[in-house]
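Below are the chains, spelled out letter by letter.
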Amino acid sequence: EPEVTQTPSHQVTQMGQEVILRCVPISNHLYFYWYRQILGQKVEFLVSFYNNEISEKSEIFDDQFSVERPDGSNFTLKIRSTKLEDSAMYFCASSEQGTSFWPQHFGDGTRLSIL
Amino acid sequence: AQSVTQPDIHITVSEGASLELRCNYSYGATPYLFWYVQSPGQGLQLLLKYFSGDTLVQGIKGFEAEFKRSQSSFNLRKPSVHWSDAAEYFCAVRGQGAQKLVFGQGTRLTINP
C-alpha cells in the first residue's frame, strides 16, 4: 500500500537555527498537509497546500514557517530561527482530493528537538 | 469552529474483552468524522470514516464506529480486543469545505494479558 514517507525520523537542532522537514506524499495525491503534536498535547493543523499554493493555514503557521514543493515528489516544511517551543512531532499528510470526505494519509512523523 | 472531546485519557481492558472509546464533537452541520490509531513510534493510521449514510461504519482491524447525531458522538468499538490493539486512538472531525482535521486529545489503550 502506498505510504507517506518523512525524513529524518528525528532531527536535533540548536535554537535559532533553520530546519527543513521533508515529506514524500503518496504519488497520485494532490493535497498536502503539515500537522504537529507537542508532547502531551493534541495533534494540531498547521497548513494545507494545493497546486503550489497554501490553501489554508492555522494561526500557528506564522512567518517563521514556510512550505514548498520543490519538485514533483517532495513537500517540505521550513522553520526559520527555531525556538524551544517548536519541539514537537511533525506529521505530513496527503489526500487524493481536498473535499472533506477524502481521508488524509499520514507519515510516521519527524521528531524535532530544539536544544 | 469544530472541536472534539475524547473524555477518556487512558483505558485499560483485558485481552478478549470488548472495547468502546468515546468521542464527542462540536460542529454546526453534518461533520465528517474519522478515527485514527497511532502505534508507538508510528504515524497516524486511518481506522474508519463517516460522512453520510449508514450511521454504523466498519473499519479495518475489526473496528466499527457509530454516529449518533442526537448525542454528537462517534464512539469506536471492537467486540474483542487483541494485545496488538494497544495504541493511542484519535478521533477527528472535518467541517464541510474545510481542509484541516481537528483532533481530540487521544485515548491511550492498554491491554492486560
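Above: the structure in question.
Calculation rules
- Residues numbered from 1 in each chain as written.
- Chains lettered and ligands numbered in written order.
- Predicted model: local features only at pLDDT ≥ 70, side-chain atom pairs only at ≥ 80, totals over all residues.
- Heavy atoms only, no water.
- Contact = heavy atoms within 4.5 Å.
- Buried area = accessible area lost by both parts, 1.4 Å probe.
- Salt bridge = Lys/Arg side-chain N within 4 Å of Asp/Glu carboxyl O.
- Polar contact = N/O pair within 3.5 Å; in protein donor to acceptor, adjacent residues only side chain to side chain.
- Helix = DSSP H or I, 4+ residues; strand = E, 2+ residues; numbered from the N terminus.
- Buried < 20%, exposed > 50% of the residue type's maximum accessible area, 1.4 Å probe, protein only.
- Disulfide = S-S within 2.5 Å.
- Core = buried A, V, L, I, M, F, W, Y, C linked by side-chain atoms within 4.5 Å.
- Pairing = 2+ DSSP bridges.

Participant: Quick question: what am I supposed to make of the interface of chain B and chain A here?
Facilitator: Much of the literature gives interface size as the accessible area that the parts lose upon coming together. Listed per partner, the contact involves 23 residues of chain B and 23 residues of chain A. Interface area, chain B with chain A, both sides summed: about 1900 Å², of which 53% is carbon and sulfur. When the buried area of chain B at its contact with chain A is split by residue, B:Leu44, B:Arg94 and B:Gln99 rank highest and sum to 31% of it. On inspection of chain B and its partner chain A, the count reaches zero salt bridges. Counting the contacts that link chain B with chain A gives nine residue pairs in polar contact (both at pLDDT 80 or more). Where the side of chain B that touches chain A is concerned, the elements lending two or more residues are β5 (32-38), β6 (44-50) and β10 (87-94) of chain B.

Participant: Looking at this model, I keep getting lost on the pattern of salt bridges. Mind explaining?
Facilitator: For side chains of opposite charge, pairing can occur when their charged atoms come near one another. Residue and element names in this part refer to chain B. Tallied over the entire structure, the rule returns five salt bridges over all chains. Here Arg77 and Glu64 are joined by a salt bridge, their closest N and O atoms 3.3 Å apart. Taken together, the positions of Arg77 in strand β9 (residues 73-78) and Glu64 in strand β8 (residues 64-68) put the pair 13 residues apart, joining distant regions of the chain. For Lys78, the salt bridge identified is with Asp85, shortest N-O distance 2.8 Å. Note on accessibility: Lys78 and Asp85 belong to one class, buried.

Participant: How should the environment of B:Ala1 be read in this particular structure?
Facilitator: Residue and element names in this part refer to chain B. Residue placement: Ala1 occurs in the segment before β1 (3-5). For Ala1, a relative accessible area of 100% translates into the label exposed. Ala1 sits 25 residues away from Ser26 along the chain, and the two C-alpha atoms are 7.8 Å apart.

Participant: Help me understand the state of the cysteines in this model?
Facilitator: Simply put, the disulfide is a covalent bond whose two ends are the sulfur atoms of two cysteines. Residue and element names in this part refer to chain A. Following the criterion strictly, the structure yields two disulfides over all chains and no others. Shown here is the disulfide that connects Cys23 with Cys92, its sulfur atoms set 1.9 Å apart. Handedness of the Cys23-Cys92 disulfide follows from its S-S torsion of about -65°: it is left-handed. Residue Cys23 is found in strand β3 (residues 19-24), and its partner Cys92 is found in strand β9 (residues 88-95); the two are separated by 69 residues along the sequence.

Participant: Quick question: what am I supposed to make of the nonpolar core here?
Facilitator: Considering soluble globular proteins, one finds that nonpolar side chains tend to be buried as a cluster. Residues and elements named next belong to chain B. Counting 27 residues, the largest nonpolar core has Leu19, Trp35, Leu47, Leu48, Phe74, Leu76 and Tyr89 as the members making the most contacts within it. Listed by contribution, the elements that provide at least two residues to this core are β2 (10-14), β3 (19-21), β5, β6, β8, β9, β10 and β12 (107-112). The biggest single contributor to this core is β10, with four residues. Apart from the residues lying within four places of it in its own chain, the contact partners of Leu76 are Leu19, Glu20, Leu21, Trp35, Leu47, Leu48, Phe63, Glu64, Ala65 and Tyr89.

Participant: In this structure, what is going on with the pairing of β10(B)? I would like to understand it.
Facilitator: All names here are of chain B. With seven of eight residues buried, β10 is to be regarded as a mostly interior element. Bridge count for β5 against β10 is seven bridges, and the pairing is antiparallel. The partner of Tyr32 across the bridge, within β10, is Arg94. Two strands pair when backbone bridges link them, and β10 and β12 are joined in this way by three bridges, in the antiparallel orientation. The residue bridging Tyr89 from the neighbouring strand is Thr107, located in β12. By the bridge criterion, two bridges tie β10 to strand β11 (residues 102-103) in an arrangement that is antiparallel.

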